[in-house]
Amino acid sequence: MDKNLTGKDRKAVVTVECGETKILITVEQKALTESGEIPEEGETSVAGLISEMFYYFPQNVDVENQRIELTYDKQGRLKTWKEKKTDYDGSVYIETLTYEYGDNVVYISSDRDEDYFITAYLNDVGYVVRAEEGRPGNIQEVTTYAYDSENHLIRTEQKYEWEEYIWTDGNLVEIRYGNGQGESDIAVYTYYDNLVNKENFDFSERTSWLEELVYAGLTGVQSRNLVHTEIGNSESAWKDNGSWKYETDADGYVTKASFSRLGETAVDNNPRTVEIKHSK
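Residues numbered from 1 in each chain as written. Predicted model: local features only at pLDDT ≥ 70, side-chain atom pairs only at ≥ 80, totals over all residues. Heavy atoms only, no water.

Asker: Explain the packing of aromatic side chains to me, using residue names and the numbers behind them.
Answerer: Within this structure, the stated rule accounts for nine aromatic pairs. Between Y127 and Y147 the ring centres are 5.9 Å apart and the planes differ by 35°, which places this aromatic pair in the tilted class. Of this pair, Y127 sits in the loop between β8 (117–122) and β9 (128–133) while Y147 is found in strand β10 (residues 141–147), placing the two residues 20 residues apart along the sequence. The same class applies to Y127 as to Y147, namely buried. With a centroid separation of 5.9 Å and 80° between ring planes, the pair formed by Y192 and Y246 is classed as edge-to-face. Taken together, the positions of Y192 in strand β14 (residues 184–196) and Y246 in strand β16 (residues 242–248) put the pair 54 residues apart, joining distant regions of the chain. Members of the aromatic cluster, each reached through a chain of ring pairs, are W81, F201, F203 and Y215. When the ring centre of F54 is taken as origin, the NZ or CZ atom of R67, which lies over that ring, is 4.2 Å away. Positioned above the aromatic ring of Y101 is the side chain of R77, whose terminal nitrogen or guanidinium carbon lies 4.4 Å from the ring centre. (Phe/Tyr/Trp six-rings, centres within 6.5 Å; stacked < 30°, edge-to-face > 60°. Helix = DSSP H or I, 4+ residues; strand = E, 2+ residues; numbered from the N terminus. Buried < 20%, exposed > 50% of the residue type's maximum accessible area, 1.4 Å probe, protein only. Lys NZ or Arg CZ within 6 Å of the ring centre and 35° of its normal.)

This is the structure in structure tokens:
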């Protein structure tokens, strides 16, 4: 086996079947630096990770915006998520989330709300299968996650509602929502053939009700290409229907993305925009 010089631990699960007997073998390869040393704790040396995202509307950038700064450990795992949000009334909201890693579990806490706490239980390849919101002994919400053989998320479920995800050629093409009241919605997505999702990130924020897990890369392998359009069938879908445009750097990483809503007029002169920075 070649040395793992990526700076990030990696795992693989091997399935051995003989008759009715099935054996799962997990192979874990610890990260090494390019010089062959084990990374020490501290900032990541993994290039291409998203380090900052600045959301705004072009016509009122200073009035309403959101800045998210991300830091990682030497293995490329998300360590802190810092948000500064300025609202249209001038109020400013600042919060830092901290990620702590155990054996197939991640603990997420907030410096702003001591009652905020997420425990994310991971499968053998590092993706969340169960997330508990609330402190131990006072769990407020439980979300479960299921994946296909390619580690694509195929179902998210809470007590009274759920979503199913349909994949084609490595891209998420349909989301089906349902709940205990019998309500159901479907959203359909198309993609740019020539734009690859190098960050393995869900820029459209579709595949989890907990964005904290999405930013940490815990919700499975994301779409192979960058999403182009979103069209839903619900009565209020026109509010979310629209198309994405991107700017990329010379290496293909997204530096700017904007989402233009079709709305009732099919024109959006003030699309929500995000500018993105990456680790070097």
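Asker: Explain empty space enclosed by the protein to me, and be specific about the residues and the numbers.
Answerer: According to the stated counting rule, one finds two cavities of 30 Å³ or more in the structure shown. Its boundaries defined by the atoms lining it, the largest cavity holds a volume of some 70 Å³. Every residue lining the largest cavity is counted, 13 residues in all, and those nearest its centre are N197, F201, D202, F203 and R206. A total of three residues in the lining of the largest cavity trace back to one element, the largest contributor, which is strand β15 (residues 225–232). Here the lining of the largest cavity is built from residues that sort into six nonpolar, five polar and two charged. (1 Å grid on protein atoms, 1.4 Å probe; cavity = no way out; pocket = protein on both sides within 12 Å on 5 of 7 lines; lining within 4 Å. Points joined across faces, edges and corners; volume = space filled by probe spheres on them. Nonpolar A, V, L, I, M, F, W, Y, C, P; charged D, E, K, R; others polar.)

Asker: Got a sec to walk through the pairing of β9? Specific residues and values, please.
Answerer: Note that β8 and β9 share five bridges and pair antiparallel. In the strand pairing of β9, Y121 is matched with R130. Connecting the antiparallel pair β8 and β9 is a turn made up of five residues, with G126 showing a positive phi of about 90°. Sheet topology note: the β9/β10 ladder contains four bridges and is antiparallel. Directly across from R130, in β10, lies its bridge partner T144. (Pairing = 2+ DSSP bridges.)

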